[in-house]
Amino acid sequence: MSTSQRLSELGIELPEVVAPLAAYVPAVRTGNLVYTAGQLPIRDGALLATGKVGAEVTADEAKELARVCGLNALAAVHALVGIDSVVRVVKVVGFVASAGGFDGQPGVINGASELFGEVFGESGAHARSAVGVSELPRNAPVEVEIIVEVA
């Protein structure tokens, strides 16, 4: 089954690529790897939430926002090379704007990681970093970037 068929089976529709907020492109291919820019939880042009995780945003809300970031990353890959060319997810880096004392970054970034598992199965298993930061662009609670291998 192709990835596009799997997405359809899961009822997942890839969003439009989020327009860059500065001087960069959404995704770049080099050899058989595609690197995405950091993706914020933007849907239909609007940032879905603002604030720090562990304060204005709960960990559960942030996990759902990380899933949106993951979908936006897949959309950037799809626009560049087509989602069906993805062989595996290699690396995920997630940034969580964290309130003082919040240490649940891995659980938040699971929102993206679990999405990739649903979509790609074993090929969605990846190396990962989940990093707590003090601020993200536009006061976003979470940001995710990925590296995928393509055929």
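For the structure itself, consult the block above.
If you're wondering where the values come from, they're calculated on a predicted model, not measured in any experiment.

Chemist: Explain the sheet that holds strand β6 (residues 127-133) to me, please; I cannot follow it from the model alone.
Modeler: Taking strand neighbours across the sheet as the criterion, the five strands line up as β1-β2-β7-β5-β6 in an open arrangement whose pairing is mixed. Here the strands that pair on one side only, and so sit at the sheet edges, are β1 (27-30) and β6. Recorded for the sheet is a direction-independent mean angle of 15 degrees between the axes of neighbouring strands. Helix α3 (residues 105-120) contacts β5 (86-97), β6 and β7 (142-150) of the sheet and is inclined by roughly 160 degrees relative to β5.

Chemist: Would you take a moment to explain the environment of N72 for this structure?
Modeler: Inspection of the secondary structure puts N72 in helix α2 (residues 59-81). Among the residues examined, N72 registers a relative accessible area of 2% and is labelled buried. Separated by 71 residues in sequence, N72 and M1 have C-alpha atoms that sit 22 Å apart. At a separation of 3.0 Å, a polar atom in the side chain of N72 contacts the main-chain carbonyl oxygen of L40.

Chemist: What should I look at first to understand the pattern of salt bridges in this one?
Modeler: One side chain can pair with another of opposite charge once the charged atoms of both are near each other. One pass over the structure, following the stated rule, counts four salt bridges. Across the salt bridge formed by E9 and R6, the nearest N and O atoms sit 2.4 Å from each other. Here E9 and its partner R6 are both found in helix α1 (residues 3-10), three residues apart, which amounts to about one turn of the helix. Residue E9 is classed as exposed on the basis of its relative accessible area, which comes to 51%. Of the residues examined, R6 reaches a relative accessible area of 26% and is grouped as partly exposed. Its salt-bridge partner being E135, residue K52 comes within 2.9 Å of it at the nearest N-O pair. On the criterion of sequence distance, the pair formed by K52 in the loop between β4 (46-47) and α2 and E135 in the loop between β6 and β7 is long-range, its members being 83 residues apart. The buried category is assigned to K52, whose relative accessible area is 18%.

Chemist: What am I meant to see in the packing of α1 against α3 here?
Modeler: Helix-helix packing is described using two parameters, namely the angle between the two axes and the distance between the axes. Where α1 meets α3, the closest approach of the two axes is 9 Å, and the angle between their N-to-C directions is 110 degrees. Here α1 lies roughly perpendicular to α3, going by the angle between them. In this structure, α1 contributes T3, R6, L7 and L10 to the contact, and α3 contributes E118, V119 and F120. Of the residues belonging to the contact of α1 with α3, the class tally is four nonpolar, one polar and two charged.

About the criteria used
- Residues numbered from 1 in each chain as written.
- Predicted model: local features only at pLDDT ≥ 70, side-chain atom pairs only at ≥ 80, totals over all residues.
- Heavy atoms only, no water.
- Pairing = 2+ DSSP bridges.
- Helix = DSSP H or I, 4+ residues; strand = E, 2+ residues; numbered from the N terminus.
- Axes fitted to C-alpha atoms, helices over the stretch in contact; angles between N-to-C directions.
- Contact = heavy atoms within 4.5 Å.
- Buried < 20%, exposed > 50% of the residue type's maximum accessible area, 1.4 Å probe, protein only.
- Polar contact = N/O pair within 3.5 Å; in protein donor to acceptor, adjacent residues only side chain to side chain.
- Salt bridge = Lys/Arg side-chain N within 4 Å of Asp/Glu carboxyl O.
- Parallel < 35°, antiparallel > 145°, perpendicular 65-115°, else oblique.
- Nonpolar A, V, L, I, M, F, W, Y, C, P; charged D, E, K, R; others polar.

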